[in-house]
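Okay, here's what each chain looks like letter by letter:
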Amino acid sequence: MNTTDHASATTPPAPGRIVLLTTSHRVAPGLLSWPAWQALRTADEVLCADAGHPQLPYLREAGVAVAEASPSAEELVDACAGGRTIVVVATGEGEPALTDGLARLAGSGRAVMPELELLPASYDLPGARLLDLVQVMDRIRAECPWSSRQTHRGLAKYAIEEAYELVESIEEGEREELREELGDVLLQVVFHARIAEEDPDEPFSIDDVAGGIVAKLIHRHPHVFGEETATTPEEVKEHWLRTKAEEKRRTSVTEGVPLHQPGLALAAKLASRVRTAGLEVPFPEGEGIGYELLALAARAEAEGVDPEAALRAAARAYRDAIREAEDK
């Protein structure tokens with residue numbers, strides 16, 4: 001026996017390699033990372049259990065042969081014998097049965113395991129889960145007997161309720177509740193946008209809503225997206241107010257102030273508009289608590305205090321005092 005024969009007799013065959021290729025359904029099919037394309041093009045075999053997997057037409061168009069197969073862990077390990085590389089294009093569930101089987105086989109010690117690699121082929125960008133929310137809302141609007149009948153007017157009260165619950169979670173400092181309430185407020189936006197798509201005269205979508213606010217933010221932040229500068233919050237506010245005035249072309253500082261907001265907030269907002277505009281407007285003459293509250297709200301705003309938040313804090317303290325009195 002020569003040395004070459006001796007080496008081939010004593011060297012165990014290469015165990016090969018298994019690559020589990022995962023993709024995000026939130027990224028357009030075919031947009032894969034370069035390492036993923038390299039693995040697909042150099043693999044000895046590419047398998048996928050789902051014949052309807054959205055990536056398959058794009059892989060085949062790129063010249064990658066994909067076989068429809070769902071091998072067991074043992075079959076896959078055997079297929080890697082001799083140093084072969086097998087790429088498994090994972091389905092939406094991530095192939096839990098296969099990965100669990102490979103883990104059990106590796107732990108048993110009964111097989112020489114190939115190299116195992118998890119290769120994400122596409123990644124979710126920040127905000128990608130918003131696409132899931134839009135899809136879920138589409139289905140609920142189409143199939144839910146209650147949701148399919150809702151209108152903007154019918155949902156208006158929920159927007160107010162959820163906004164107040166969000167404010168409460170902020171003031172209470174509960175992080176889990178804050179996350180949940182932010183989701184509830186976001187749902188109101190997506191729900192209203194979905195309803196708006198069905199308007200026969202002036203439809204718009206969630207993309208139109210997002211596009212509008214993106215354009216507004218860019219325009220009102222010339223110190224971020226343009227050539228202007230701002231180094232203090234006061235300068236930022238000046239930019240914001242100037243660009244807002246250019247957009248709205250209002251004839252009065254009171255335009256755009258919602259009159260249906262709570263009274264203290266309304267009074268403080270009007271006082272803020274007057275102060276920012278440099279106007280000298282005396283309070284209307286009158287007697288009663290309403291006029292006194294108006295003056296107090298204006299004073300709070302001038303001192304940088306939110307009168308609504310201040311009153312809620314005082315009311316909570318009063319609530320606690322009531323409970324203490326009840327326990328005695």
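In what follows, the structure referred to is the one given above.
None of these values were measured; they are calculated from a predicted model. (Residues numbered from 1 in each chain as written. Predicted model: local features only at pLDDT ≥ 70, side-chain atom pairs only at ≥ 80, totals over all residues. Heavy atoms only, no water.)

### A short note on the pattern of salt bridges
Then comes step 1: In total, this model carries 17 salt bridges according to the counting rule given.
Then comes step 2: A salt bridge links Glu 45 to Arg 84; the shortest N-O distance between them is 3.7 Å. Here Glu 45, found in strand S2 (residues 45–48), pairs with Arg 84, found in the loop between helix H4 (73–79) and strand S4 (85–89); they are 39 residues apart in sequence, far enough to count as distant.
Then comes step 3: You can call Glu 45 partly exposed: its relative accessible area is 29%.
Then comes step 4: Given the relative accessible area of 28%, Arg 84 is considered partly exposed. (Salt bridge = Lys/Arg side-chain N within 4 Å of Asp/Glu carboxyl O. Helix = DSSP H or I, 4+ residues; strand = E, 2+ residues; numbered from the N terminus. Buried < 20%, exposed > 50% of the residue type's maximum accessible area, 1.4 Å probe, protein only.)

### Quick look at the environment of Leu 241
Then comes step 1: You can see Leu 241 is positioned in helix H11 (residues 233–248).
Then comes step 2: C-alpha of Leu 241 to C-alpha of Arg 220: the two residues are 21 residues apart in sequence and 8.2 Å apart in space.

### Here we look at a negative patch on the surface
Then comes step 1: Among the surface-exposed residues, Glu 161, Glu 165, Glu 168, Glu 174, Glu 177 and Glu 180 lie close enough to one another that they form a single negatively charged patch.
Then comes step 2: When residues of the negative patch are traced back to their parent elements, those giving at least two are helix H7 (152–172) and helix H8 (175–196).
Then comes step 3: The biggest single contributor to the negative patch is H7, with 3 residues.
Then comes step 4: Within the secondary structure, Glu 168 sits in helix H7. (Patch = residues over 30% accessible without salt bridge, like charges linked within 9 Å, V, L, I, M, F, W, Y side chains within 5 Å. Areas by Shrake-Rupley, 256 points an atom, 1.4 Å probe, with all protein chains shown as cover. Lys, Arg positive; Asp, Glu negative; His and termini not counted. Charge placed at Lys NZ, Arg CZ, Asp CG, Glu CD.)

### A short note on the sheet that holds S2
Then comes step 1: What the 5 strands build is an open sheet, ordered S3-S2-S4-S1-S5; its pairing is parallel. Two strands bound the open sheet, and with one partner strand each, they are strand S3 (67–68) and strand S5 (115–120).
Then comes step 2: The pairing of S2 with S4 spans 3 bridges and is classified as parallel. Pairing of Glu 45 across the sheet is with Ile 86, part of S4. (Pairing = 2+ DSSP bridges.)

### Quick look at helix H2 (residues 34–42)
Then comes step 1: All of the buried residues along H2 are Ala 36, Trp 37, Ala 39 and Leu 40. Summarising the axial view, the buried residues of H2 lie within an arc of 160 degrees, below the 170-degree limit, and thus occupy one face. In this structure, H2 carries Trp 34, Arg 41 and Thr 42 as exposed residues pointing more than 90 degrees from its buried face. (Arc of directions from axis to C-beta.)

### Considerations on the pairing of S2
Then comes step 1: Relative to S3, S2 runs parallel, the two sharing 2 bridges. If you follow Leu 47 over to S3, its bridge partner there is Ala 67.
Then comes step 2: Regarding the hand of the β-α-β motif, the stretch spanning S2, helix H3 (residues 56–61) and S3 is right-handed. (Right-handed = clockwise from strand over helix to strand, strands pointing away.)

### Overview of the packing of H7 against helix H14 (residues 307–327)
Then comes step 1: Where H7 meets H14, the closest approach of the two axes is 12 Å, and the angle between their N-to-C directions is 70 degrees. The angle between the axes of H7 and H14 places the two elements in the roughly perpendicular class. The way H7 lies across H14 gives a crossing that is right-handed. Contacts from Val 167, Glu 171 and Glu 172 of H7 reach H14 at Ala 309, Arg 312 and Arg 316.
Then comes step 2: The residue inventory of the contact of H7 with H14, partitioned by class, reads 2 nonpolar, no polar and 4 charged. (Axes fitted to C-alpha atoms, helices over the stretch in contact; angles between N-to-C directions. Parallel < 35°, antiparallel > 145°, perpendicular 65-115°, else oblique. Left-handed = near helix turned anticlockwise from the far one by under 90°. Contact = heavy atoms within 4.5 Å. Nonpolar A, V, L, I, M, F, W, Y, C, P; charged D, E, K, R; others polar.)

### Overview of a nonpolar patch on the surface
Then comes step 1: Where nonpolar side chains cluster on the molecular surface, the patch consists of Ile 213, Val 214, Leu 217, Ile 218, Val 224 and Phe 225 and spans about 520 Å² of accessible area.
Then comes step 2: Per-element accounting of the nonpolar patch gives the leading share, 4 residues, to helix H9 (residues 206–220).
Then comes step 3: Mapped onto the secondary structure, Ile 218 falls in helix H9.
Then comes step 4: For Ile 218, a relative accessible area of 39% gives the class partly exposed.

### Digging into the nonpolar core
Then comes step 1: The biggest cluster of nonpolar side chains holds 18 residues, and the ones touching the most others in it are Leu 21, Leu 40, Val 46, Leu 59 and Val 87.
Then comes step 2: Of all elements in the fold, only strand S1 (17–22), H2, S2, H3 and S4 reach the threshold of two or more residues within this core.
Then comes step 3: Looking at this core, the element that brings in the most residues is H2, giving 4 residues.
Then comes step 4: Leave out the neighbours within four places in its chain, and Leu 40 touches Leu 21, Leu 32, Val 46, Leu 59, Val 64, Val 87 and Val 89.
Then comes step 5: Core analysis: the second largest hydrophobic core is formed by 13 residues, Ile 18, Leu 20, Val 88 and Leu 102 among them. (Core = buried A, V, L, I, M, F, W, Y, C linked by side-chain atoms within 4.5 Å.)

### Quick word on the packing of aromatic side chains
Geometrically, a pair of aromatic rings is defined through the distance of the ring centres and the angle of the planes.
Then comes step 1: For the structure shown, the criterion picks out 1 aromatic pair.
Then comes step 2: For the pair Trp 146 and Tyr 158, a centre-to-centre distance of 6.3 Å together with 75 degrees between the ring planes defines the contact as edge-to-face. Of the two residues, Trp 146 sits in the loop between helix H6 (129–143) and H7 while Tyr 158 sits in helix H7, which places them 12 residues apart along the sequence.
Then comes step 3: Judged by relative accessible area, Tyr 158 falls into the partly exposed class, the value being 27%. (Phe/Tyr/Trp six-rings, centres within 6.5 Å; stacked < 30°, edge-to-face > 60°.)

### Structural notes on the side chain of Gln 150
Then comes step 1: By the element assignment, Gln 150 lies in the loop between H6 and H7.
Then comes step 2: Residue classification places Gln 150 among the buried residues on the basis of a relative accessible area of 13%.
Then comes step 3: Within the structure, the side chain of Gln 150 is placed 3.1 Å from the backbone oxygen of Trp 146, a separation counted as a polar contact.
Then comes step 4: Those residues in contact with Gln 150, other than ones at most four positions away along the chain, are Arg 141, Leu 155, Phe 191 and Ile 195. (Polar contact = N/O pair within 3.5 Å; in protein donor to acceptor, adjacent residues only side chain to side chain.)

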